[in-house]
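# Residue-level structure breakdown
Spelled out from the first residue to the last, the chains are:
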Amino acid sequence: MERLVPRSRRRGYTLIELLIVVTMLGIAAAVVIPSLGSTDVLRVQSTVRAIVADINVAQSDALAHQHGRAVVFDVQNNRYSIVEVNGSTLNPTTDTLQVTDLNNERKFHRARIDSADFDGDSVLVFDELGGPVVDPNGSTPSAGGSVTISGSGSVFRITVEPYTGRVTVP
């Protein structure tokens with residue numbers, strides 16, 4: 001009877017196996033690295049979402065406190081403020097509730113406010129019921145408007161609808 005001699009066990013990888021793995025890792029890196037460059041757009045989108053959230057907060061705050069609120073966009077200085085409406089004119093010096101400065105690159109990723117237009121002005125006013133109106137302390141419904149934000153080669157438009165104040169980014 002013949003005795004079978006067991007084969008020695010493999011203890012390592014062959015050169016071909018290592019080359020295949022290194023090649024596959026190189027292909028995976030070539031696919032993944034270019035997509036990492038597009039994260040800048042995602043960062044600007046997060047800034048847009050923050051602005052939408054602040055507009056919604058101003059609207060909800062107006063309804064909750066039964067007192068007008070306004071979002072004042074300062075396009076030149078790349079910032080906006082949420083202001084309490086106390087009378088027929090806005091006084092950002094004394095009535096500001098919150099200021100958001102988009103010049104903070106670490107937080108807002110070089111996003112810029114390109115334009116803000118609400119009934120020919122850069123101020124979005126909500127009445128005590130949370131509806132957009134033309135003037136502080138006024139009751140004429142707003143025709144709505146929009147804010148345009150740009151950054152990382154992309155442009156986003158935040159739209160506020162008339163009557164309801166619904167905020168969308170089409």
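The text that follows walks through the structure, step by step, so that each part is easy to find. Keep in mind that what you see is a predicted model, and the values were worked out from it rather than measured.

What counts, and at which threshold
- Residues numbered from 1 in each chain as written.
- Predicted model: local features only at pLDDT ≥ 70, side-chain atom pairs only at ≥ 80, totals over all residues.
- Heavy atoms only, no water.
- Pairing = 2+ DSSP bridges.
- Helix = DSSP H or I, 4+ residues; strand = E, 2+ residues; numbered from the N terminus.
- Contact = heavy atoms within 4.5 Å.
- Axes fitted to C-alpha atoms, helices over the stretch in contact; angles between N-to-C directions.
- Salt bridge = Lys/Arg side-chain N within 4 Å of Asp/Glu carboxyl O.
- Buried < 20%, exposed > 50% of the residue type's maximum accessible area, 1.4 Å probe, protein only.
- Core = buried A, V, L, I, M, F, W, Y, C linked by side-chain atoms within 4.5 Å.
- Expected span 1.5 Å × (residues − 1).

What follows is about the sheet that holds strand 7 (residues 145-151). The strand order 4-7-8-9 describes an open sheet built from four strands, whose pairing is antiparallel. The open sheet terminates on both sides in strands that have one partner only, identified here as strand 4 (112-118) and strand 9 (167-168). Examined bridge by bridge, strand 7 and strand 8 (residues 154-160) share seven bridges and lie antiparallel to one another. In the strand pairing of strand 8, Ile149 is matched with Phe156. Sheet strands touched by helix 2 (residues 39-65): strand 7, strand 8 and strand 9. Its angle to strand 8, the strand with the most contacts, is close to 15°.

This part takes up the sheet that holds strand 6 (residues 132-133). Strand order in the open sheet formed by five strands is 3-2-1-5-6, with antiparallel pairing between adjacent strands. The strands lining the two open edges of the sheet, one partner per strand, are strand 3 (96-101) and strand 6. Each of strand 1 (69-74), strand 2 (79-84), strand 3 and strand 5 (123-126) is contacted by helix 2, which is oriented at about 155° to strand 1, the strand it contacts most.

Overall, the coordinates contain three salt bridges when judged by the stated rule. For Arg69, the salt bridge is made with Asp61, and the minimal N-O distance between the two is 2.6 Å. Taking the relative accessible area as the measure of exposure, Arg69 reaches 5% and is therefore buried. A salt bridge links Glu84 to Arg69; its shortest N-O distance comes to 3.8 Å. Taken together, the residues Glu84 in strand 2 and Arg69 in strand 1 connect sequence positions 15 residues apart.

A few words on the nonpolar core. If you look at the biggest cluster of nonpolar residues, it comprises 25 residues, and the most contacted ones within it are Ile51, Ile55, Phe73, Val147, Ile149 and Ile158. Of all the secondary structure elements, the ones that give two or more residues to this core are helix 2, strand 1, strand 2, strand 4, strand 5, strand 7 and strand 8. In terms of residue count, the dominant contributor to this core is helix 2 (seven residues). Residues within four places of Ile55 in sequence aside, it is in contact with Phe73, Leu124, Phe126, Ile158, Val160 and Val167.

It is worth spelling out helix 2 at this point. Between the first and last C-alpha of helix 2 there are 39 Å, a value that for 27 residues agrees with the 39 Å anticipated at 1.5 Å per step. The set of residues buried in helix 2 consists of Val44, Thr47, Val48, Ile51, Val52, Asp54, Ile55, Ala58, Gln59 and Ala62. In the stretch just after helix 2, Gln66 is the one whose phi turns positive, near 50°.

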